[in-house]
Amino acid sequence: ILKSRIKDNKESSRDIKYENDMLEHKVTLQENKISEAKDKSKTSLNALEKKMKKNADDMKKLENEVVTLKGLVDEWEKDILPKHEKVDEDRTELNRIKYRMDLKSATAKKDILFFNENDNCPTCEQHIDEEFKKKAIEERTNKMITSACTLTEIDVQLKEMDARIGLYENIEKDKREHEVNIAKKNTSVESIVNFNTDVQGQINDIQTAGSLLQEDKTRLQEYREDSKRIKKEKEKLQDRANYLNIAKQLLQDSGIKTKIIKKYLPIMNKLVNSYLNQ
């Protein structure tokens, strides 16, 4: 439940951040638009046409940047993502192997301890031959040595995999940043198109500048109100994220579970030993 809530909260935070960035961008564009509208009476037709040309150049530049960023995102999906998934699978499998080898080493150690401390089999009560005991201890010791060497190699491989995964995760962060930038630039292109339409309207009917200016101010006020609302929602999501993080710390293995286990493990061990003795 907590993981689901954290995921939902992250998605909501990302959406709110994106919406907030878009609103701030719109506010900036709208403020610039109003500022230019105030000077409309001083602006000649030639100046407006130059503005439109500049906007067209900016739009083309943004579109080229979007193409470049999309290429980087596609490269990540086709090249980096499969490698990332493969390393994750290999690391999981290597951890399984390490676990099994640790288990075998523990068993071998237990057997060695048994042969060192017992001369007779506790089950059949027959004497354990010294040669058999020596051979069994030697075999298990060799297994432990082999396992230790292999585990060392596995640890080296795991560290290398962790480093590669860290690199892939950093690349993935860059990819997400590229996606955000693509959305921003696309919105900027749309804003420029809309803005150019407004400029063309000013060229066609410069006498309507007063009414258009009032409409722009109203729209700007709406953007600002929306921005205030979004920022409040953003703060709420951040507070929620803090509470969820605290809950995550409590629910980790090192949190409440550890306290409970530390309290009851001695009791359970005592009961288990009692039943074993019986």
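Here's what I pulled together on the structure shown here. Small disclaimer: the values here were computed from a predicted structure and weren't measured.

This next bit is on the layout of surface pockets. When its volume is computed, the largest pocket comes out at roughly 410 Å³. Every residue lining the largest pocket is counted, 19 residues in all, and those nearest its centre are Leu-29, Gln-30, Ser-191, Ile-192 and Phe-195. Elements represented by at least two residues in the lining of the largest pocket include exactly helix H1 (2-38), helix H2 (45-117), helix H3 (130-204) and helix H4 (209-251). Considering every element that reaches the lining of the largest pocket, the biggest residue donor is H3, with 7 residues.

Tallied over the full model, the rule gives 5 salt bridges. With a closest N to O distance of 3.2 Å, Asp-21 and Lys-17 form a salt bridge. Placement of both Asp-21 and Lys-17 in helix H1 is noted, with a separation of 4 residues, approximately one turn of the helix. Overall, the relative accessible area of 16% leaves Asp-21 in the buried class. The exposure class of Lys-17 is partly exposed, given its relative accessible area of 41%. Where Asp-21 meets Lys-184, a salt bridge forms, and the shortest distance between an N and an O atom there is 3.6 Å. Placement of Asp-21 in helix H1 and of Lys-184 in helix H3 is noted, with a sequence separation of 163 residues between them. Looking at Lys-184, the relative accessible area reads 27%, which means it is partly exposed. Within the structure, one salt-bridge network assembled from shared partners comprises Lys-17, Asp-21 and Lys-184.

A word on helix H5 (residues 256-277). An ideal rise of 1.5 Å per residue puts 32 Å on 22 residues; H5 measures up with 32 Å between its terminal C-alpha atoms. Along its length, H5 reaches its greatest deviation from straightness, about 35 degrees, at Tyr-264, and the proline Pro-266 lies no more than four positions downstream.

This part covers the environment of Ala-148. Tracing the backbone shows Ala-148 in helix H3. It is 8.2 Å that separates the C-alpha atoms of Ala-148 and Ser-105, two residues lying 43 residues apart in sequence.

Rules used in this analysis
- Residues numbered from 1 in each chain as written.
- Predicted model: local features only at pLDDT ≥ 70, side-chain atom pairs only at ≥ 80, totals over all residues.
- Heavy atoms only, no water.
- 1 Å grid on protein atoms, 1.4 Å probe; cavity = no way out; pocket = protein on both sides within 12 Å on 5 of 7 lines; lining within 4 Å.
- Points joined across faces, edges and corners; volume = space filled by probe spheres on them.
- Helix = DSSP H or I, 4+ residues; strand = E, 2+ residues; numbered from the N terminus.
- Salt bridge = Lys/Arg side-chain N within 4 Å of Asp/Glu carboxyl O.
- Buried < 20%, exposed > 50% of the residue type's maximum accessible area, 1.4 Å probe, protein only.
- Expected span 1.5 Å × (residues − 1).
- Bend = angle between axes of the 7 residues up to and from the residue.

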